[in-house]
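Given next are the chains, with one letter for each unit.
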Amino acid sequence: EQFSANKIKDAIIRHANKQTNYIEFLADIAKNGCSHYKVDIIKRTVTYFNKDETQSHKEAVPQWKG
């Protein structure tokens, strides 16, 4: 699939707003070219990649206010 950072970002927003469950979120990002993602706990980021990691989209993880 073609990697689309904008559509992946939209999928993240839909999931954050509880419009999709986790499996639906994974299907959304996969159909938009994301094959895997990496979490950096120290930097509080998640980076979404295409298969060969030539394209990516990085998101900052917001502070949890529970």
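Residues numbered from 1 in each chain as written. Predicted model: local features only at pLDDT ≥ 70, side-chain atom pairs only at ≥ 80, totals over all residues. Heavy atoms only, no water.

Our focus in this paragraph is the environment of Ala-30. Assignment of secondary structure puts Ala-30 in helix 2 (residues 22–31). A residue is classified by how much of its surface remains accessible, and Ala-30, at 38% relative accessible area, is partly exposed. Taking the C-alpha atoms as reference, Ala-30 lies 9.0 Å from Asn-50; in sequence the two are 20 residues apart. (Helix = DSSP H or I, 4+ residues; strand = E, 2+ residues; numbered from the N terminus. Buried < 20%, exposed > 50% of the residue type's maximum accessible area, 1.4 Å probe, protein only.)

On to the nonpolar core. If you look at the biggest cluster of nonpolar residues, it comprises 9 residues: Phe-3, Ile-8, Ala-11, Ile-12, Phe-25, Ile-29, Cys-34, Val-46 and Tyr-48. Among the secondary structure elements, those contributing two or more residues to this core are helix 1 (5–16), helix 2 and strand 2 (45–49). A total of 3 residues in this core trace back to one element, the largest contributor, which is helix 1. Once residues within four sequence positions are removed from consideration, Ile-12 is found in contact with Phe-25, Tyr-48, His-57 and Glu-59. (Core = buried A, V, L, I, M, F, W, Y, C linked by side-chain atoms within 4.5 Å. Contact = heavy atoms within 4.5 Å.)

Along an α-helix, residues three or four apart share an orientation, since each turn contains 3.6 residues. For helix 2, the complete set of buried residues consists of Phe-25, Asp-28 and Ile-29. Down the axis of helix 2, the smallest arc covering the buried residues is 90°, so these residues share one side. Structural note: helix 2 exposes Ile-23 and Lys-31 on the side pointing more than 90 degrees away from its buried face. Looking at the buried side of helix 2, the elements it contacts are helix 1, strand 1 (36–40) and strand 2. Backbone nitrogen of Ile-23 and a side-chain oxygen of the N-cap are separated by 3.1 Å at the start of helix 2; the cap is Asn-21. (Arc of directions from axis to C-beta. Polar contact = N/O pair within 3.5 Å; in protein donor to acceptor, adjacent residues only side chain to side chain.)

For the pair helix 1 and helix 2, the least separation of the axes is 9 Å and the interaxial angle reads 170°. Relative to helix 2, the element helix 1 lies roughly antiparallel. Residues Ile-8, Ala-11, Ile-12, Arg-14 and His-15 of helix 1 form the contact with helix 2, whose own contacting residues are Tyr-22, Phe-25, Asp-28 and Ile-29. Residues belonging to the contact of helix 1 with helix 2 are distributed by class as follows: 6 nonpolar, 1 polar and 2 charged. (Axes fitted to C-alpha atoms, helices over the stretch in contact; angles between N-to-C directions. Parallel < 35°, antiparallel > 145°, perpendicular 65-115°, else oblique. Nonpolar A, V, L, I, M, F, W, Y, C, P; charged D, E, K, R; others polar.)

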